Amino acid sequence: MAYVVETDKTAIIDALQDLVVSRWSKAEAEGVCRFIAAYYQGTAATDLAERQYDDLYGAAISHWQLLRRQDEPFPRIHVYNPNIEQHGWESTHTTVQIVSPDMPFLVDSVNMALTRLGLTVHLIVHPVICLGHDKEGSPLAVAGSDSRDGKLYACMHFEVDRQTETQMLARISHELREVLADVERSVHDWQSMREQLKNALAGLKRTPPPIPNEELKEIEAFLKWVVNDHFTFLGYRRYDLKNSGKEPRLERVADTGLGILQTSSPKKDSAGFSVLPSKVQQEASRPEVLLLTKSSSRSTVHRPGYMDYIGIKRFNQKGEVIGEHRFLGLYTSAAYNRSPREIPLLRRKIDYVLEKARVPHSSHAGKALVNILETYPRDELIQTNPEQLHDIAVGILHLQERQRVRLFVRYDTFQRFVSCLVYAPRERYTTEVRQQMQTILEEAFGGEHSEFNIKLSESVLARIHIIVRLGRPGYPDYDHQALEAQLARTMRSWSDDYYQALLEHFGEEQGTRFSTNTATPSMPLTEKKRPPAPPRWTPNDSTGSTAAGWPSAFINRLRPSRSSFASSSTTAGARSRYPTSYRCWRTWASRLSTSTLTTSSRALRPNAGYTISAYATTATGIPNRSGRFFRIRSLPSGTAMSRATASTASCWQPG
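Anyway, here's the lowdown on the structure attached to this text. All residue numbers here refer to positions counted from 1 along the written sequence of the relevant chain. It should be noted that, the model being predicted, local features are given only for residues of pLDDT at least 70 and side-chain atom pairs only at 80 or more, the latter also being counted only at that level, while totals for whole chains, interfaces and linings use all residues. Values shown for side chains rest on all heavy atoms present in the structure; no hydrogens or waters enter the calculation.

### What about the overall build of the protein?
Logical step 1: Looking only at helices and strands, one finds 25 helices and 20 strands in the protein.
Logical step 2: Accessibility here uses a 1.4 Å probe with only protein chains present; expressed as a share of the type maximum, an area under 20% marks a residue as buried, one over 50% as exposed, and anything in between as partly exposed. Counting across all 655 residues of the protein, residues that qualify as buried make up 49%.
Logical step 3: Considering only contacts within the protein whose residues lie at least 6 apart along the sequence, 66% involve residues at least 24 apart.
Logical step 4: Just so you have it, the protein exposes about 33200 Å², and 48% of that area is on carbon and sulfur atoms. Secondary structure elements follow DSSP: runs of H or I of four or more residues count as helices, runs of E of two or more count as strands, with numbering from the N terminus. We call two residues in contact when some of their heavy atoms are within 4.5 Å. All accessible-area figures derive from a Shrake-Rupley calculation using a 1.4 Å probe, and residue coverage is judged against the displayed protein chains alone.

Quick look at the structure:
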């Protein structure tokens with residue numbers, strides 16, 4: 001199959017080269033043919049087969065001309081809507097073509113920028129072209145990738161949702177230019193930022209902080225691990241700590257910015273530090289060497305997450321904090337895939353938790369705790385202090401795979417976000433549940449927005465990690481138990497309420513028997529099959545019971561309250577549960593049919609010629625879709641039952 005696909009792509013490229021030969025002079029055709037072959041070599045054959053030859057040819061030639069243009073510096077960006085009259089080819093999408101000297105992170109960063117603008121990318125073509133030059137530096141032709149005389153250029157072709165407004169096209173171009181500038185600065189200063197980290201490490205040895213030597217050695221090992229290709233450096237700046245006023249200030253040191261932090265600003269003080277609560281600012285003077293957290297800004301380079309923040313405090317000969325080395329970037333994939341017991345600092349945290357938990361390593365609990373720590377969200381493992389990590393890890397251990405909802409909360413060091421780990425039954429997890437949980441947590445902590453990460457494994461519990469970004473730094477007050485109960489309700493189905501009502505009304509023995517012998521509708525009710533009727537039950541006291549022997553009070557207690565949903569403050573996500581849970585209850589209640597339907601005057605037997613209209617009973621108040629009531633329309637004798645008599649009929653399934 002792969003051979004056929006490659007053969008198809010080869011045939012398409014051959015056809016495009018035939019067009020070049022027929023439309024270009026012999027002197028130019030050879031170079032253009034080599035360009036087209038290199039241009040589409042890495043593109044999927046299915047993407048090429050969906051387009052007309054003339055359109056593929058036109059897109060490639062347009063990019064070739066942009067590459068050879070001499071009157072525009074790099075990066076060259078062309079955002080347009082191609083049409084036959086002006087460009088010689090057409091597309092249903094808006095086309096973005098970029099030429100830049102080749103460097104890492106280009107395609108990822110451009111793709112991220114387009115996504116941030118709300119655009120869907122429909123096609124990506126991104127060859128690296130080796131272009132030969134003459135003595136004056138003018139491009140001549142495509143050279144082999146191993147040519148020593150050629151220069152490598154990244155040619156990126158993106159097709160996105162069509163945009164016709166000139167303002168939007170200009171915005172796309174501007175955003176891409178800003179992103180490419182960030183990429184260029186980060187790549188250009190990458191080695192310099194690594195050297196600054198080495199200098200910071202040397203500074204700790206020259207003027208060591210007042211901490212135990214064993215702890216300092218572990219910090220040094222961690223920084224060496226970071227330098228060893230486990231961190232993508234994006235920005236660096238050095239700060240001085242000033243204590244001249246009432247509050248300490250972090251003042252940037254001139255001309256120390258590298259990467260994305262090299263841009264000049266009229267402000268001397270650290271903008272992020274100045275808005276922190278006073279108590280947090282005072283922490284700057286404490287001799288804690290490392291600050292490991294997340295930045296308040298998303299990365300524009302390589303990956304779209306919030307940037308990782310590594311702060312290394314600077315000390316004088318007296319052991320006093322005098323400033324900070326600040327590094328921004330992203331931990332590499334190796335940092336996430338390697339066992340935490342092989343990573344300095346993390347291994348120390350894990351040993352601390354295992355020792356404090358006092359569980360035998362070879363026991364079931366010990367192995368479970370090790371697994372919890374090994375699979376713990378890596379960013380959380382890096383940022384959480386050992387005491388917090390112990391409390392959370394032991395709390396997870398005590399769940400013991402029980403299918404219940406638990407919430408674990410951690411505040412950021414700088415009080416800018418709240419990290420919420422929610423463990424919940426995996427089988428009940430849905431996107432709707434996660435969205436409701438996000439809304440509940442945002443409201444509880446006063447967050448502006450949140451992001452999430454899900455882990456589903458062979459465990460019966462799903463792990464939902466939600467980070468709530470706060471509008472302003474602080475420790476929002478909340479009721480942990482009430483919040484946890486509110487999260488649990490997002491996963492509670494109508495059948496859960498049904499089971500609980502059985503236990504409370506009939507006792508554990510009979511209630512459990514009824515629940516195991518009865519299928520009940522769950523929420524959401526996605527199957528079209530109608531749930532079977534509950535089993536018969538004959539009470540000792542028939543007062544207030546229905547024909548099926550089920551007390552009306554029991555049936556009605558399961559009826560969802562419209563007002564409880566209408567008045568809910570947890571947004572439309574929670575209120576949307578009302579129609580579904582109500583439908584589940586109505587479906588169940590409407591199937592309470594038995595061998596006898598009792599009225600005030602006689603006993604009627606089902607399937608004996610009675611015609612039952614689609615109504616519900618007044619006795620239980622069970623509405624059908626029309627909101628009306630069941631009513632007996634005719635009797636075997638042909639005489640109509642009176643309305644008053646019929647209104648006492650209960651829980652009859654429509655025939």
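There's more to say after this.
### Regarding unusual backbone geometry
Logical step 1: With an omega dihedral of -5°, the bond running from Phe-74 to Pro-75 counts as a cis peptide bond.
Logical step 2: Mapping Pro-75 onto the fold places it in the loop between helix 4 (53-68) and strand 1 (76-80).
Logical step 3: Phi is positive for Phe-105, which is not a glycine, with a value near 75°.
Logical step 4: A relative accessible area of 25% means that Phe-105 is categorised as partly exposed.
Logical step 5: Positive phi outside glycine occurs at Gln-415, with the angle close to 60°.
Logical step 6: Topologically, Gln-415 is positioned in the loop between strand 13 (406-411) and strand 14 (417-425).
Logical step 7: Relative accessible area serves as the criterion here: at 6%, Gln-415 is assigned to the buried category.

### Remarks on the nonpolar core
Logical step 1: Ranked by size, the top nonpolar core spans 56 residues in total, and within it Phe-222, Leu-223, Leu-290, Ile-310, Ile-312, Tyr-331 and Leu-369 carry the most contacts.
Logical step 2: It is helix 9 (residues 213-227) that provides the largest number of residues to this core, a total of seven residues.
Logical step 3: Ignoring any residue separated from it by four or fewer positions in sequence, one finds Leu-290 in contact with Ile-219, Phe-222, Leu-223, Ile-310, Gly-311, Ile-312 and Leu-345.
Logical step 4: What we call a nonpolar core is a set of buried Ala, Val, Leu, Ile, Met, Phe, Trp, Tyr and Cys residues that are connected through their side-chain atoms within 4.5 Å. One finds Leu-119, Met-168, Val-301 and Met-307 within the second-largest nonpolar core, a separate group that totals 32 residues.

### Observations regarding the sheet that holds strand 13
Logical step 1: If you trace the four strands from one edge of the open sheet to the other, you get 13-14-16-15, paired in antiparallel fashion. A single partner strand is all that each edge strand has here, and the edge strands are strand 13 and strand 15 (447-455). Taken pair by pair, the neighbouring strands of this sheet meet at an average axis angle of 20°, ignoring direction.
Logical step 2: Where strand 15 lies against strand 16 (residues 461-470), eight bridges are found, and the strand directions are antiparallel. Bridging across to strand 16, Lys-455 finds its partner in Arg-463. When DSSP locates at least two bridges between a pair of strands, those strands are taken to pair. Angular values range over 0 to 180 degrees, each being the angle between N-to-C directions of two axes fitted as lines to C-alpha atoms, with helices fitted over their stretch in contact.

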